[in-house]
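A look at the structure
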Amino acid sequence: MMEERANLMHMMKLSIKVLLQSALSLGRSLDAEHAPLQQFFVVMEHCLKHGLKVKKSFIGQNKSFFGPLELVEKLCPEASDIATSVRNLPELKTAVGRGRAWLYLALMQKKLADYLKVLIDNKHLLSEFYEPEALMMEEEGMVIVGLLVGLNVLDANLCLKGEDLDSQVGVIDFSLYLKDVQDLDGGKEHERITDVLDQKNYVEELNRHLSCTVGDLQTKIDGLEKTNSKLQEELSAATDRICSLQEEQQQLREQNELIRERSEKSVEITKQDTKVELDTYKQTRQGLDEMYSDVWKQLKEEKKVRLELEKELELQIGMKTEMEIAMKLLEKDTHEKQDTLVALRQQLEEVKAINLQMFHKAQNAESSLQQKNEAITSFEGKTNQVMSSMKQMEERLQHSERARQGAEERSHKLQQELGGRISALQRQLSQLHEQCSSLEKELKSEKEHRQALQRELQHEKDTSSLLRTELQQVEGLKKELRELQDEKAELQKICEEQEQALQEMGLHLSQSKLKMEDIKEVNQALKGHAWLKDDEATHCRQCEKEFSISRRKHHCRNCGHIFCNTCSSNELALPSYPKPVRVCDGCHTLLLQRCSSTAS
């Protein structure tokens, strides 16, 4: 086995080398009549057949390499087109022909190496088809995959229609590999052609990888658009909640202003009263001590009132700050609650669907119960009728037996009394015997009828027992329905609790809103501006002065253009840079305006 593996490895290297050299001379476009290509397929077939387990059947031994190649369809969905096209070819009748057609199509797709690598990576599946010392199970299999990667440079145009792939004999022609290998390039023109073809194939590989990456990016963009739409809906709901809270805050501010106006009016009234009392004191000096003491007391009271009003104002200011903090917390709670609301609504829809299913099942069970109860009542009526007919038959039997006994007694009496009338009596006896036989026949028929009725009774009893078992099953279904209703009630309680918890989970929306704004700013900064190279700029973009040793170049971290030191001396913190960085004068003013607009 080791010598066979080594020989097959050498033959594979030689066949691939000769195939590539001949393809370079032909411009790397090959057809089915190309001899090195045919020999490559023969060597590839021998490599796939090495160490293949033999399957015994009634017809004989079957040793085909198409079995492991069919696994590629399960492991790599891209190979499903090859497998279906091979199966749909009407000319192929054997597994060997299908395997050869599969190799042709994989080489034309330039994915033969990729498909075999997928097979070798799953050796636990290959162990069903190959022995442990086979070429595909050892390290030489990976070496062959590495050699087959070089064939992706070739363009193979192979026509499978009209070719007899079933009856071809895979014999290796060693004469191709024993010839002297001549220089196939032919000069500088061939070298240029090969370089151009190399570049072409490299560009094709790059395009294939780029198409894959574009597809992945498109799926990611679709996912981001969906998340953005969801976030926008949640933001709209949050803004509505914020507007309502702002209205409540405005009402509280108006109430505070009214309280302040009342307190100021009361202070002004007290001041006016004190002035009037002072004027009266100056005009009339009678009772100066009494008036002075009264005014002093009133002043103290007014001071106390004023202090109390100031305390109330401080309390109102504290309440205002607490209300603002509560507004922020409520915004966060609303964001979190809206996220959980969506999840809980989905759970509610699922529970509703389950309840509807259980309700339909219960209705079906009740309808079947009613039908079975009606059947039981009908069967009971039939059993009553059968029992009544049985009683009538028994009465007839008893009456016939009594008649027979009476006839026998009469015959005995007649024999004793009338000895001479034996002949007449014998005739009468014969008639009586005939009547008895007829009565016996009737009895037999009645017995058979009674047995049939008993069988029907037994059948009815069996059906009634079956109906009782079904009734028990229906009762079990009712119990399950009750349990499901209890579960429904519990789920409703859980839903109510979760709805209450929804009102405490609104923080994530505000955070996601801030993150989205930062991401949008970063995207705008990255999309709208490009980082200029130092060699491209010779003058300042703003003042248009030429750069020199004294006037140095500086990049703006926001727009990416190059300015002098005087035009880019400002520093600001950007979303893409956590620390303050250098920014030009224009970007500085724009960013400050944006910050002021967002703050307002």
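Residues numbered from 1 in each chain as written. Predicted model: local features only at pLDDT ≥ 70, side-chain atom pairs only at ≥ 80, totals over all residues. Heavy atoms only, no water.

The protein chain is annotated in an unreviewed UniProt entry as RUN and FYVE domain-containing protein 1 of Chlorocebus sabaeus.

**A look at the overall build of the protein chain**
Applied cut-off: Secondary structure follows DSSP: runs of H or I at least 4 residues long count as helices, runs of E at least 2 residues long count as strands, and numbering of each begins at the N terminus. When checking whether two residues touch, look at their non-hydrogen atoms; a contact exists if any pair is within 4.5 Å.
What the protein chain contains, in helices and strands, is 14 helices and eight strands. Considering only residue pairs separated by 6 or more positions, the protein chain has 71% of its internal contacts joining residues 24 or more positions apart.

**A few points about the state of the cysteines**
For clarity, the threshold we go by: The disulfide criterion is simple: two cysteine sulfur atoms within 2.5 Å.
Under the criterion given, the structure shown has zero disulfides. Here C584 stays unpaired: no disulfide links it, and the sulfur of C587, its closest cysteine neighbor, is 3.3 Å away.

**Let's talk about helix α3 (residues 66–75)**
Under the convention used in this document: Accessible area is worked out with a 1.4 Å probe on protein chains only. A residue is then buried under 20% of its type maximum, exposed over 50%, and partly exposed in between.
All buried positions along α3 are accounted for by F66, P68, L69, L71 and V72. Contacts from the buried residues of α3 go to α2 (35–49), α4 (80–87), α5 (95–108), α6 (112–121) and α7 (123–126).

**Here we look at the packing of aromatic side chains**
For clarity, the cut-off: Put simply, two rings from Phe, Tyr or Trp (the six-membered ring, in Trp's case) pair if the centres are within 6.5 Å, and we call them stacked under 30 degrees between planes, edge-to-face over 60, tilted for the rest.
All chains considered together, the criterion is met by three aromatic pairs. With centroids separated by 4.3 Å and ring planes inclined at 50 degrees, the aromatic side chains of F41 and Y104 adopt a geometry described as tilted. Of this pair, F41 sits in helix α2 while Y104 sits in helix α5; the two residues are 63 residues apart in sequence, bridging distant segments of the chain. Taken individually, F41 and Y104 each receive the classification buried, so the pair is uniform in this respect. Considering the side-chain rings of W102 and Y115, the 5.8 Å spacing of their centres and the 50 degrees angle between planes classify their relative orientation as tilted. In this pair, W102 is assigned in helix α5 and Y115 in helix α6, connecting sequence segments 13 residues apart.

**Regarding the packing of α3 against α6**
Helix packing geometry: the angle between the two helix axes and the distance between the axes. For clarity, the threshold we go by: Angles here are taken between N-to-C directions and fall from 0 to 180 degrees, while the axes themselves are lines fitted to C-alpha atoms, restricted in helices to the stretch in contact. When describing relative orientation, an angle under 35 degrees is termed roughly parallel and one over 145 degrees roughly antiparallel, while 65 to 115 degrees is termed roughly perpendicular and anything else oblique. Note on residue classes: Ala, Val, Leu, Ile, Met, Phe, Trp, Tyr, Cys and Pro are nonpolar, Asp, Glu, Lys and Arg are charged, and everything else, Gly too, is polar.
Viewed as axis vectors pointing N to C, α3 and α6 meet at an angle of 95 degrees, and their least axial separation amounts to 9 Å. The angle between α3 and α6 falls in the class roughly perpendicular. Of the residues in α6, those touching α3 at P68, L69, L71, V72 and L75 are Y115, L116, V118 and L119. Here the contact of α3 with α6 is composed, by residue class, of nine nonpolar, no polar and no charged.

**Considerations on the pattern of salt bridges**
Test applied: Each reported salt bridge corresponds to a side-chain nitrogen of Lys or Arg within 4 Å of a carboxyl oxygen of Asp or Glu.
As enumerated under the stated definition, the model contains seven salt bridges in all. Of the charged contacts in the structure, one is a salt bridge between E73 and R87, with a shortest N-O distance of 2.9 Å. Here E73 is found in helix α3, whereas its partner R87 is found in helix α4, with 14 residues between them in sequence. For E73, a relative accessible area of 25% gives the class partly exposed. Across the pair D121 and K117 runs a salt bridge, and its minimum N-O distance is 3.2 Å. With D121 and K117 both in helix α6, this residue pair falls four residues apart, about one helical turn. Beyond isolated ion pairs, a larger network of salt bridges with shared partners links E45, K49 and R100.

**A look at unusual backbone geometry**
Positive phi, close to 60 degrees, is recorded for K110, a residue that is not glycine. With respect to the secondary-structure elements, K110 resides in the loop between α5 and α6.

**Examining a negative patch on the surface**
Test applied: Each patch is built from residues lacking any salt bridge and having more than 30% relative accessible area; the joining distance is 9 Å for like charges and 5 Å for nonpolar side chains (Val, Leu, Ile, Met, Phe, Trp, Tyr). Per-residue and other accessible areas follow the Shrake-Rupley method at a 1.4 Å probe size, with only the shown protein chains counted as cover for residues. Neither His nor the chain ends contribute to the count of charged residues, in which Lys and Arg are positive and Asp and Glu negative. We put the charge of a Lys on NZ, of an Arg on CZ, of an Asp on CG and of a Glu on CD.
On the surface, E254, E257, E261, E264 and E268 cluster together into a negatively charged patch. One can find E254 in helix α10 (residues 188–283). The class for E254 is partly exposed, based on a relative accessible area of 43%.

**Observations concerning the side chain of S15**
Convention followed: Contacts described as polar in this section are N or O atom pairs within 3.5 Å, which, within protein, must combine one atom able to donate a hydrogen with one able to accept it, while residues neighboring in sequence count only if both atoms come from side chains.
Its location among the elements puts S15 in helix α1 (residues 2–25). Its relative accessible area of 1% is what places S15 among the buried residues. Among the polar contacts made by the side chain of S15, one reaches the main-chain carbonyl oxygen of M12 at a distance of 2.9 Å.

**Observations regarding the side chain of H555**
Along the chain, H555 falls in strand β5 (residues 554–555). Setting aside residues up to four positions removed in sequence, H555 forms contacts with W531, L532, D534, G560, H561, I562 and R582.

**Thoughts on the environment of N256**
Along the chain, the position of N256 falls in helix α10. On a C-alpha basis, the gap between N256 and I317 in space is 8.5 Å, while along the polypeptide they are 61 residues apart.

**Considering α2**
Rule in force here: Any helix carries an expected span of 1.5 Å times its number of residues minus one.
The terminal C-alpha atoms of α2 lie 21 Å apart, and with 15 residues this matches the ideal 21 Å at 1.5 Å per residue to within 8%. Taken across its 15 residues, α2 has eleven buried, putting it largely inside the fold. Burial in α2 covers these residues: P36, L37, Q39, F40, F41, V42, V43, M44, E45, C47 and L48. In the stretch just after α2, G51 is the one whose phi turns positive, near 75 degrees.

**Considerations on the confidence of the model for the protein chain**
Which entries qualify depends on this criterion: Along the chain, pLDDT gives the predictor's confidence residue by residue, from 0 to 100.
Mean pLDDT over the protein chain works out to 78, with 83% of the residues at or above the 70 mark. In this model residues 179–187 is a low-confidence stretch, pLDDT under 50, and it forms five contacts with partners more than four residues away in sequence or in other chains.

**Quick notes on the environment of I16**
Here I16 lies in helix α1. With relative accessibility at 5%, the residue I16 sits in the buried group. Note: C-alpha distance between I16 and P36 (20 residues apart in sequence) is 8.4 Å. Sequence-distant contacts of I16, that is, excluding residues within four places in its chain, are made with F40, L147, L148 and L151.

**Side note on the packing of α3 against α5**
To be explicit about the condition: Crossing chirality is assigned from the near helix's rotation relative to the far helix, an anticlockwise turn below a right angle marking it left-handed and a clockwise turn marking it right-handed.
Two elements in contact, α3 and α5, have axes separated by 9 Å at closest approach and are oriented at 50 degrees. With respect to α5, the axis of α3 lies oblique. The chirality of how α3 crosses α5 is left-handed. Residue-level inspection shows F66, L69 and V72 of α3 in contact with α5, the latter providing A95, R98, G99 and W102. Of the residues contributing to the contact of α3 with α5, the split by class is five nonpolar, one polar and one charged.

**Some details on the nonpolar core**
Inclusion rule: The criterion is simple. A nonpolar core is a set of buried Ala, Val, Leu, Ile, Met, Phe, Trp, Tyr and Cys residues joined through side-chain atoms within 4.5 Å.
With 59 residues, the main nonpolar core has F40, L48, W102, L116, Y130 and L148 as its most contacted residues. Of all the secondary-structure elements, those providing two or more residues to this core are α1, α2, α3, α4, α5, α6 and α8 (140–148). Beyond its immediate chain neighbours, meaning those up to four positions away, L116 contacts M44, L48, L69, M136, V145 and L148. With 16 residues, the next largest nonpolar core counts A537, C540, C556 and I562 among its residues.

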